Amino acid sequence: MITIWLLVLACLAAVTLAAALVRARRAHARALEERGWLLERERESAAQNAVDAERARIAHDLHDIVSHNVSVMVIQAGAARHVLATEPADAEAALLAVEAAGRDTMAELRHLLGLLAPSSDGSAEELAPQPSLSRLSPLIDRIAFAGLPVDVRISGEPRPLPAGVDVTAYRIIQEALTNALKHGDGVKAEVTVRYADNALRVEVLNSGPSVLAGGRSPGPDGEGRGLLGLRQRVAVYGGDLDARRRLGGGFRVRAKIPLERP
């Protein structure tokens with residue numbers, strides 16, 4: 001009789017233990033699901049923040065572009081008015097400059113107006129020279145001074161670019177070099193700008209730990225957050241941006257931006 005009761009107690013203990021184990025497993029699964037949901041929300045939030053920050057920067061860039069072109073138009077229109085009666089050729093040249101500046105401004109508005117975000121504080125920022133591939137040298141010097149030597153290669157025939165494309169190319173190089181400075185090994189970086197007939201190509205390479213050696217990536221999911229916003233900006237112009245780790249080590253950012261033929 002005692003043996004039977006012992007067997008019953010053992011069975012009850014086993015059932016209770018099994019039930020507890022099942023509950024623990026279910027609780028663990030729920031915890032994993034909640035953690036995965038939270039991580040996904042964090043990734044989505046980080047991506048949205050990157051896009052919002054890039055939109056705000058686009059707004060500032062476009063403000064500078066429009067302000068510059070409108071200033072040119074006002075100055076040239078004033079010059080044309082002064083010489084209209086005495087120097088008709090000079091007046092015509094000034095009016096052509098006004099027309100060209102107006103066309104450039106409208107092109108930028110068509111490309112970027114849909115992506116603009118309102119300024120967070122409504123304050124007007126001090127006007128500064130517009131970022132441009134022609135002003136790469138100060139950026140390269142700052143990066144080199146911070147500890148990352150940079151080689152720059154220009155291929156094709158450099159020529160004036162649409163203002164928005166010019167700014168976008170500069171921003172890509174700036175963001176890629178900043179990420180390389182933060183997450184690379186500090187040995188070197190290479191910037192290549194190729195002027196093709198119908199497209200502008202930009203590539204930034206940096207050295208770093210090999211993928212095979214388990215080196216860390218330069219940002220979440222292998223891509224810096226700033227590059228998420230730049231990918232959207234490049235897409236506005238019908239281009240594409242690819243950012244990934246290199247098998248031999250380091251990181252590569254490559255972009256192709258189509259250029260409208262005149």
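Just above, that's the structure.
Since the structure is predicted, the reported quantities are computational estimates derived from the model, not experimental observations.

I keep staring at the overall build of the chain and nothing clicks. Help me out?
A count of helical and extended segments in the chain gives five helices and five strands. Ordering the α and β elements of the chain from the N terminus gives α-α-α-β-α-β-β-α-β-β. Per-residue burial for the chain yields a buried fraction of 33% across its 262 residues. A fraction of 75% describes how many contacts in the chain between residues 6 or more apart in sequence connect residues 24 or more apart. As displayed, the chain offers around 16200 Å² of accessible surface, 59% of which is attributable to carbon and sulfur atoms.

What's the story with the side chain of arginine 171 in this structure? I'm lost.
Locating arginine 171 in the fold gives a position in helix α4 (residues 163-183). Judged by relative accessible area, which is 9%, arginine 171 ranks as buried. Looking at arginine 171, its side chain comes within polar contact range of the side chain of glutamine 174, at 3.1 Å. Once residues within four sequence positions are removed from consideration, arginine 171 is found in contact with Arg57, Asp61, Pro131, Leu230 and Arg233.

Is there a simple way to explain the sheet that holds strand β1 (residues 150-155) in this structure?
Spatial strand order, β1-β2-β3-β5-β4: five strands in an open sheet with mixed pairing. Looking at strand neighbours, the two that pair on one side only are β1 and β4 (240-245), the edges of this open sheet. On average, each strand axis in the sheet is tilted by 10 degrees relative to the strand beside it, whichever way the strands run. The pairing of β4 with strand β5 (residues 251-258) spans six bridges and is classified as antiparallel. Paired with aspartate 240 across the bridge in β5 is lysine 256. Sheet strands in contact with α4 are β1, β2 (189-195), β3 (199-206), β4 and β5, and its direction is about 10 degrees off that of β3.

Explain the nonpolar core to me, please; I cannot follow it from the model alone.
Within soluble globular proteins, side chains that are nonpolar generally end up buried alongside one another. Leu133, Ile172, Ile173, Leu177, Leu200, Leu241 and Val253 are the most contacted members of the largest nonpolar core, which has 34 residues in total. For this core, the secondary structure elements donating two or more residues are α3 (136-145), α4, β2, β3, α5 (225-236), β4 and β5. Ranked by residues supplied to this core, first place goes to α4 with eight residues. Other than its neighbours up to four places away in sequence, isoleucine 172 contacts Val202, Leu230, Val234, Leu241, Val253, Ala255 and Ile257.

Where do I start with the pattern of salt bridges in this structure?
Working definition: two side chains of opposite charge can pair if their charged atoms are close together. What the rule picks out here adds up to five salt bridges. Where arginine 153 meets glutamate 190, a salt bridge forms, and the shortest distance between an N and an O atom there is 3.4 Å. In this pair, arginine 153 is assigned in strand β1 and glutamate 190 in strand β2, connecting sequence segments 37 residues apart. The exposure class of glutamate 190 is buried, given its relative accessible area of 18%. Among the salt bridges present, the one from arginine 244 reaches aspartate 242, with a minimum N-O distance of 2.9 Å. When its relative accessible area of 45% is taken as the criterion, arginine 244 is described as partly exposed. Assessed through its relative accessible area of 22%, aspartate 242 is described here as partly exposed. Taken together, the shared-partner salt bridges connect Arg153, Lys188 and Glu190 into one network.

What is the right way to read α3 from this model?
Turn by turn, an α-helix covers 3.6 residues, leaving residues three or four places apart pointing in a common direction. Residues Leu136, Leu139, Ile140 and Ile143 constitute the buried set of α3. Seen from one end, α3 has its buried residues packed into an arc of 95 degrees, which puts them on one side. Exposed positions of α3 whose direction lies more than 90 degrees from the buried face are Asp141 and Phe145. Within two residues after α3, glycine 147 carries a phi angle of roughly 120 degrees, on the positive side.

Where do I start with the pairing of β2 in this structure?
Two faces belong to every sheet, and in a regular strand the side chains alternate between them. In terms of burial, β2 is largely enclosed, as six of its seven residues are buried. With seven bridges connecting them, β2 and β3 associate as antiparallel partners. Residue pairing across strands places valine 191 opposite valine 204, the latter belonging to β3. Counting the residues in the hairpin turn of β2 and β3 gives three residues.

The rules behind these values
Counting starts from 1 at the beginning of each chain's written sequence and moves along it residue by residue. Two thresholds apply to this predicted model, a pLDDT of at least 70 for residue-level local features and 80 or more for giving and counting side-chain atom pairs, whereas whole-chain, interface and lining totals are computed over all residues. Values reported for side chains reflect all heavy atoms of the structure, with hydrogen atoms and water molecules removed beforehand. Only DSSP runs of H or I covering at least 4 residues are called helices, and only runs of E covering at least 2 are called strands; the numbering of each starts at the N terminus. Working definition: with a 1.4 Å probe on protein chains only, accessible area under 20% of the residue-type maximum means buried, over 50% means exposed, and in between means partly exposed. Whether two residues are in contact is decided by their heavy atoms, any of which lying within 4.5 Å being enough. Per-residue accessibility takes into account occlusion by the displayed protein chains alone, with areas from the Shrake-Rupley method and a 1.4 Å probe. A 3.5 Å cut-off defines polar contacts: any pair of N or O atoms within that distance qualifies, except that in protein one atom must be a possible hydrogen donor and the other a possible acceptor, and neighbouring residues in sequence count only when both atoms are side-chain atoms. When DSSP finds at least two bridges between two strands, those strands are taken to pair. Here an angle of 0 to 180 degrees is reported between the N-to-C directions of two axes, which are lines fitted to C-alpha atoms, with helices fitted over the stretch in contact. Only buried Ala, Val, Leu, Ile, Met, Phe, Trp, Tyr and Cys residues count toward a nonpolar core, and they belong to the same one when joined by side-chain atoms within 4.5 Å. We count a salt bridge whenever a side-chain nitrogen from Lys or Arg sits within 4 Å of a carboxyl oxygen from Asp or Glu. Working definition: the arc comes from the directions between the helix axis and the C-beta atoms, pointing outward to the latter.

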